[in-house]
Amino acid sequence: MIVSEKTLKWAMCLYPPLLFQRIWVKKFHSGFLGVDVKISNSFLNRNYNGSIFGGTIYAATDPFYAILFDQLMQRRGFKVRVWLKSASIQYLKPGLTNLYFTLKITDEMIAEAEHSLKDTGKFVKSYPMELFNKQGELCATVMNEVYLRTKFPGEKQRVAI
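Residues numbered from 1 in each chain as written. Predicted model: local features only at pLDDT ≥ 70, side-chain atom pairs only at ≥ 80, totals over all residues. Heavy atoms only, no water.

Caption draft 1: Local environment of the nonpolar core. F28, F64, Y65, F69 and M73 are the most contacted members of the largest nonpolar core, which has 44 residues in total. By residue number, the principal contributor to this core is helix α4 (residues 64-75), which donates eight residues. (Core = buried A, V, L, I, M, F, W, Y, C linked by side-chain atoms within 4.5 Å. Buried < 20%, exposed > 50% of the residue type's maximum accessible area, 1.4 Å probe, protein only. Helix = DSSP H or I, 4+ residues; strand = E, 2+ residues; numbered from the N terminus.)

Below you can see the structure in the form of structure tokens.
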């Protein structure tokens, strides 16, 4: 389903798995070429030592590359199924304050996905993410492997939100 940046921002902010973990979409960039996300350090997601629970950090990084690629490919006429195939995370510093990350999709990333979808009907690629605290210190790095494939004839769109 094609939606506006503002509509999807609010849908994601109110989506219970993100809302209750205090994961907040600050904004989707114009044309879905990026997203800015904040993870608030709250009593709802704080571990015993006062830092953000690692599962919350991991959950925050899960949906966004898939969502961006899904919206971008739909706008280019592709009917695709998109999901996060795998991920790995390195916790470098405790998240004692709010954490922030920004993802950006480049023209080269889009062109590579389009080319692969046209040639083989699927696209699989890993992309890095970096999460920073209020002071700008790197607290975690993540690698997300995104999987896109063209839909089979007659396959219906499913919406989780």
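Right, picking up where we left off after that structure.
Caption draft 2: How the structure looks around the pairing of strand β5 (residues 122-133). Pairing geometry for strand β4 (residues 99-104) and β5, over two bridges, is antiparallel. Counted as the bridge partner of L99 is N133 from β5. Here β5 runs beside strand β6 (residues 138-150); their pairing, made up of eleven bridges, is antiparallel. Bridge assignment links S126 to a residue of β6, and that residue is E145. Where β5 folds back onto β6 in an antiparallel hairpin, the turn is made up of four residues, including G136, whose phi is positive at roughly 85 degrees. (Pairing = 2+ DSSP bridges.)

Caption draft 3: View of the side chain of S40. Examined against the element boundaries, S40 turns out to sit in the loop between β2 (34-39) and α3 (54-61). Take S40: its relative accessible area is 13%, and that puts it in the buried class. Apart from residues lying up to four places away in sequence, S40 is in contact with R22, N45, I52 and N98. (Contact = heavy atoms within 4.5 Å.)

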